[in-house]
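Coordinate analysis (summary)
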Amino acid sequence: MPIKRILIANRGEIAVRIIRTCRALGIETVLAVSTADRNSLGARLANRALCIGPAPASDSYLKAETIVQAAIGSGSDAIHPGYGFLSERAALARLCEREGVCFIGPTADQIEAVGDKLRARLEADAAAVPVVPGGPVTDPAQAQMLARRIGTPLLVKAVGGGGGRGMKRVDDLCDLAEMIDLASSEAGAAFGDARVYIERLVTMGRHIEVQLLGDGLGGVIHLGERDCSVQRRYQKLIEETPAPCLSPMLRDAICAAAVRFAQHLCYRSAGTVEFLVDVEHETFYFLEMNARIQVEHPVTEQVSGIDLIAEQIAIAGGEGLRISQDQVRLNGCAIECRINAEDPMRDFAPSPGTVTEAIWPEGEGIRVDTHIVSGASVPPYYDSLLAKLIAHGADRTTALARLGKALGEVRIDGVATNIAFHQAVLGDPEFVDGGVDTGYAVRFLGRASARAGV
Amino acid sequence: MSLTAKNVAEILKLLDESAFSELVLETGDLKVHLRRGEKALTRNEAPEASAPLVRSGIPAPAEPPRIAPAPPGLRDVPAPLLGVFYRAPKPGAPPFVEVGQHVEETTIIGIIEVMKLMNSIRAGVCGELVEIFATNATLVEYGEPLVRVRPVD
């Protein structure tokens, strides 16, 4: 059944991004907003904005019942959850299934299968996708034995965690029991799930992920990989496709493994399988699957020419996969910088406030996904993402040159931004050479502050 | 009783010529609410769901306040949550409150349903009920004024 009206259960740039595709498709939009977002760009662009609650996300964007009620009450036949908030909560998908509202995403079961990190490891095993050596922790003696086999350094991770939360590093096995206790109690408090597991810490790793589309019946295609190794505290800052300095053999193996994993789950909608690539040993390990559209999806769109939101809507509307793997053509290189309202001079502390002036660049191969216009407010309640600046070119050199020029044209007054950080990275020979690992951003910042004599 | 187009035209003419800016006509299961200078024409159980949401391509403030802020001496009772508003405890039952009646802070003025969960909404203010904004069985937003009260000390 074709979808005619979509309730968007999100905010910020992704709400605007979804509205734009809906407009192009002739689909009406209802945007759920908190009181803090009543005057946002998304609220102005949507056909209708519905206030769902006060500013704190727990009272508005995280209330599944209110979101579904808003969809039903506004005559929307589908809900797009965007990323973050309720996007990977099986509860929302299940409520939609029960109430006959179309959820633009995977099934509730699929969200559960990949949301539980231990279960996801088992699913990866079953799909013959390599996982980092490790396993669940049941008791201290078993943990010691397992840890000795894995070797140090290792990580204690929360089963219900993700995005770097709930992780503890162990360098000496004497500390193992203590770290497991600590991680377990933290995980219980933060995720309501005290289960932990241990995994080898791959010290020299690159974060490479594969964009997938699945029809829910076993049909899965990939749209190439993204390299998101420039991270700080597990927060991605720069993403690009294709991954530079990656052998074609390794790339093909990674993409094939991702497809295998999603096929195994009969995955529906857009999703991403993340891998840690061991640069020294030319091997790769399954990290996790993200059962949603991702922040960095535009780089894939720029090289593939495929609108991922439109494909999500088509799949949800029952059209299945409209593109076959043979039809996927990936052209050139695309790089994205996440421009955040945070102050690099103050250890990247969030910088909420009102953007008094916003000027975004334009030009060949430049795309800006943003909700920030002059006068926009950056509320302190949500993440600090202001915009994603994406440059596309025939090759990496061209894309980098365009990105550097575009960054110089950005003007944001009223809040601090990390634009200077991006400019510095783009001028760093190590990044320009390509293929940096996930420890790069921290090393780079250390070098920069050493140079500044701080 | 049913209204013909001619009846409506006559009522509109009467309202136009009168000193009043608003007219509420209720007969049986039919309710006509006319307000001058605004586009608000609501019918009982308005089919909100099927109404097309048309808006021009130019960004404009999304939801211009449908109801002007309460004038001095009056207070609006906002919806404490988004959901479907009901004026009566069940279909066919008399409404919780009517215009002109006295309400206490604890007086229930309606119900807001969120996924089959019924939430009683209390006036939270003591005084005379002067206007009811929310239409029965339609979606109300968080913060949307439900009723207007003239408080008494």
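In this report, we go over the structure that sits alongside the text. All residue numbers refer to positions counted from 1 along the written sequence of the respective chain. All chains are assigned letters beginning with A, and all ligands numbers beginning with 1, in the order in which they are written. For a predicted model such as this one, the threshold for reporting local features is a pLDDT of at least 70, and the threshold for listing and counting side-chain atom pairs is 80 or more; totals across whole chains, interfaces and linings nevertheless cover every residue. Processing note: side-chain calculations cover all non-hydrogen atoms of the structure and skip hydrogens and water entirely.

The next subject is the overall build of chain A. Counting its secondary structure elements, chain A contains 15 helices and 23 strands. Taking the principal axes of its C-alpha atoms as reference, chain A extends roughly 60 × 55 × 45 Å. Counting every position in chain A, which comprises 454 residues, the buried fraction comes to 58%. By definition, residues are in contact when any of their heavy atoms lie within 4.5 Å. Sequence-distant contacts in chain A: of pairs separated by 6 or more residues, those separated by 24 or more amount to 65%. Computed over 46 positive and 57 negative side-chain charges, the inter-centroid distance for chain A is 3 Å. Under the DSSP-based scheme used, a helix requires at least four consecutive residues in state H or I and a strand at least two consecutive residues in state E, with every element numbered from the N terminus. Accessible area is worked out with a 1.4 Å probe on protein chains only. A residue is then buried under 20% of its type maximum, exposed over 50%, and partly exposed in between. Only four residue types enter the tally: Lys and Arg on the positive side, Asp and Glu on the negative side; His and the chain ends are excluded. Working definition for charges: the position is that of NZ of Lys, CZ of Arg, CG of Asp or CD of Glu.

Looking now at the overall build of chain B. Along its length, chain B carries one helix and 11 strands. A buried classification covers 33% of the 153 residues belonging to chain B. To measure how exposed things are, a 1.4 Å probe is used in the Shrake-Rupley method; for residues, cover is taken only from the protein chains shown. Of the roughly 9300 Å² of accessible surface on chain B, a fraction of 59% belongs to carbon and sulfur atoms.

The peptide bond linking Thr152(A) to Pro153(A) adopts the cis configuration, its omega dihedral lying at -5 degrees. Along the polypeptide, Pro153(A) turns up in the loop between helix H7 (140-150) and strand S7 (154-162). Of note in the backbone geometry, Ser269(A) takes a positive phi value of approximately 85 degrees without being a glycine. Following the sequence through the fold, Ser269(A) ends up in strand S13 (residues 268-278). In this model, Lys116(B) sits at a positive phi of 70 degrees, which is unusual for a non-glycine residue. Structurally, Lys116(B) is set in the loop between strand S7 (108-114) and strand S8 (117-122). Residue classification places Lys116(B) among the exposed residues on the basis of a relative accessible area of 56%.

A few words on the pattern of salt bridges. Residues and elements named next belong to chain A. The term salt bridge refers to a side-chain nitrogen of Lys or Arg lying within 4 Å of a carboxyl oxygen of Asp or Glu. Under the counting rule described, the total for this entry stands at 46 salt bridges over all chains. A salt bridge links Arg226 to Glu209, with the shortest nitrogen-to-oxygen separation between them at 2.8 Å. With Arg226 in strand S11 (residues 220-232) and Glu209 in strand S10 (residues 205-215), this residue pair connects regions lying 17 residues apart in the sequence. Like Arg226, the residue Glu209 is buried in the burial classification.

In a beta sheet, neighbouring strands pair by backbone hydrogen bonds and run either parallel or antiparallel. A sheet is described by the order of its strands in space; here four strands give the open sequence S8-S7-S5-S10 (chain B), paired in antiparallel fashion. Two strands close off the open sheet at either side, each with one partner strand: S8 and strand S10 (138-140) of chain B. Sheet twist, expressed as the average angle between the axes of neighbouring strands with direction ignored, equals 40 degrees. Bridge analysis of strand S5 (residues 83-86) of chain B against S10(B) gives three bridges, and the strand direction is antiparallel. Opposite Val84(B), over in S10(B), you have Leu139(B) as the bridge partner. Note on geometry: axes are lines fitted to C-alpha atoms, helical ones only across the stretch in contact, with angles between N-to-C directions running from 0 to 180 degrees. Sheet strands in contact with helix H3 (residues 64-73) of chain A are S5, S7 and S10 of chain B, and its direction is about 95 degrees off that of S7(B). Two strands pair under a simple rule: DSSP has to find at least two bridges between them.

As a further point, take the packing of helix H13 (residues 419-426) of chain A against helix H15 (residues 440-451) of chain A. For any two helices packed against each other, one specifies the crossing angle of their axes together with the interaxial distance. All names here are of chain A. Contact geometry of H13 with H15 gives a least axis separation of 12 Å together with a crossing angle of 95 degrees. Classified by the angle their axes make, H13 and H15 are roughly perpendicular. Only Tyr440, Phe444 and Leu445 of H15 make contact with H13, whose side of the interface consists of Phe421, Ala424 and Val425. When its residues are assigned to classes, the contact of H13 with H15 shows six nonpolar, no polar and no charged. Between 65 and 115 degrees an angle is taken as roughly perpendicular, under 35 as roughly parallel, over 145 as roughly antiparallel, and anywhere else as oblique. In the scheme used here, Gly and all other residues not listed as nonpolar or charged are polar, with Ala, Val, Leu, Ile, Met, Phe, Trp, Tyr, Cys and Pro taken as nonpolar and Asp, Glu, Lys and Arg as charged.

Bringing the packing of aromatic side chains into the picture now. Residue and element names in this part refer to chain A. Here the aromatic set is Phe, Tyr and Trp, taking the six-membered ring for Trp, and pairing holds for ring centres within 6.5 Å; pairs whose planes are under 30 degrees apart are stacked, those over 60 apart are edge-to-face, and all others are tilted. Taken as a whole, this structure holds 10 aromatic pairs over all chains when the rule is applied. Centre to centre, the rings of Tyr61 and Tyr382 are 5.5 Å apart; their planes meet at 80 degrees, and the pair counts as edge-to-face. Of the two residues, Tyr61 is situated in the loop between strand S3 (48-53) and H3 and Tyr382 in the loop between strand S21 (377-378) and strand S22 (385-393); the sequence distance between them amounts to 321 residues. Grouping residues by exposure puts Tyr61 and Tyr382 together as buried. The ring of Phe431 has Arg396 lying over it, and the distance from NZ or CZ to the ring centre is 5.1 Å. Two conditions define a charge sitting above a ring: the NZ of Lys or the CZ of Arg must be within 6 Å of the ring centre, and it must be within 35 degrees of the ring normal.

Right, let's get into the side chain of Glu240(A). The topology assignment puts Glu240(A) in strand S12 (residues 235-241). Setting aside its immediate chain neighbours within four residues, Glu240(A) contacts Glu225(A), Arg226(A), Asp227(A), Ala334(A), Ile335(A), Arg396(A) and Phe431(A).

Residue position: Ala113(A) is located in helix H5 (residues 108-115). Sequence spacing of Ala113(A) and Met1(A) is 112 residues, and the spatial spacing of their C-alpha atoms is 27 Å.

A separate point is H13(A). All names here are of chain A. Among the residues of H13, Ile419, Phe421, His422, Val425 and Leu426 are the ones counted as buried. Seen end-on, H13 carries its buried residues on one side only, within an arc spanning 160 degrees. Elements that come into contact with the buried residues of H13 comprise S12, strand S15 (333-340), helix H12 (396-409), helix H14 (429-433) and H15. Note: the arc covers the axis-to-C-beta directions of the helix.

Our focus in this paragraph is the pairing of S12(A). Two faces, one strand: in a regular strand the side chains alternate between the faces of the sheet. All names here are of chain A. Among the seven residues in S12, six count as buried, and that is most of the element. Summarising the sheet, S11 and S12 pair through four bridges and their orientation is antiparallel. Of the residues in S12, the one forming a bridge with Arg232 is Gln235. Where S11 folds back onto S12 in an antiparallel hairpin, the turn is made up of two residues, including Arg233, whose phi is positive at roughly 50 degrees. With four bridges joining them, S12 and S15 adopt antiparallel strand pairing. The residue bridging Ile238 from the neighbouring strand is Cys337, located in S15.

All names here are of chain B. Mapped onto the elements, Arg148 comes out in strand S11 (residues 145-151). Owing to a relative accessible area of 9%, Arg148 belongs among the buried residues under this scheme. Nitrogen and oxygen atoms within 3.5 Å of one another constitute a polar contact, given that in protein one can donate a hydrogen and the other can accept it, and given that sequence-neighbouring residues count only through two side-chain atoms. From its side chain, Arg148 meets the backbone oxygen of Ala68 in a polar contact 2.8 Å long.

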